[in-house]
Amino acid sequence: MFKHITAITAALLAATSVFAQSAENQVITDSKPQVRAQAKVAAKSQGKVAAPSGDTVKTAEGGAIGADKAAVAGEKRHQTRDTRKPNRRKPVPGGTPN
């Protein structure tokens, strides 16, 4: 019985490996629609080149506050917060307060 199972398993593995390597499963890269699609991609203009990215600073020197209208308004609110909320608890640097 063991010999029959081994033989059937070997035959099944051989059949699947032959099927996996057959030419029917290969991608067709030279068909007319594929050639047209590749020509269309090749004819497309390259477009605008992206600006190089990296560690460049996009804000003013010395701070992380932007120069747009919303950032300026938020900074003004931050500067006047103590006068608007005199009983506000001050943040404790270095972790979560107890």
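For the structure, see preceding data.
Residues numbered from 1 in each chain as written. Predicted model: local features only at pLDDT ≥ 70, side-chain atom pairs only at ≥ 80, totals over all residues. Heavy atoms only, no water.

Description of the overall build of the chain
Next up, step 1: Looking only at helices and strands, one finds four helices and zero strands in the chain.
Next up, step 2: When the accessible area of the chain is evaluated, it comes to approximately 9800 Å², of which 61% is carbon and sulfur surface. (Helix = DSSP H or I, 4+ residues; strand = E, 2+ residues; numbered from the N terminus. Areas by Shrake-Rupley, 256 points an atom, 1.4 Å probe, with all protein chains shown as cover.)

Observations regarding the pattern of salt bridges
Oppositely charged side chains are able to pair whenever their charged atoms sit close together.
Next up, step 1: Evaluated as defined, the whole model comprises one salt bridge.
Next up, step 2: A salt bridge links aspartate 82 to arginine 88; the nearest nitrogen and oxygen atoms lie 4.0 Å apart.
Next up, step 3: We classify aspartate 82 as partly exposed; its relative accessible area is 44%.
Next up, step 4: Among the residues examined, arginine 88 registers a relative accessible area of 30% and is labelled partly exposed. (Salt bridge = Lys/Arg side-chain N within 4 Å of Asp/Glu carboxyl O. Buried < 20%, exposed > 50% of the residue type's maximum accessible area, 1.4 Å probe, protein only.)

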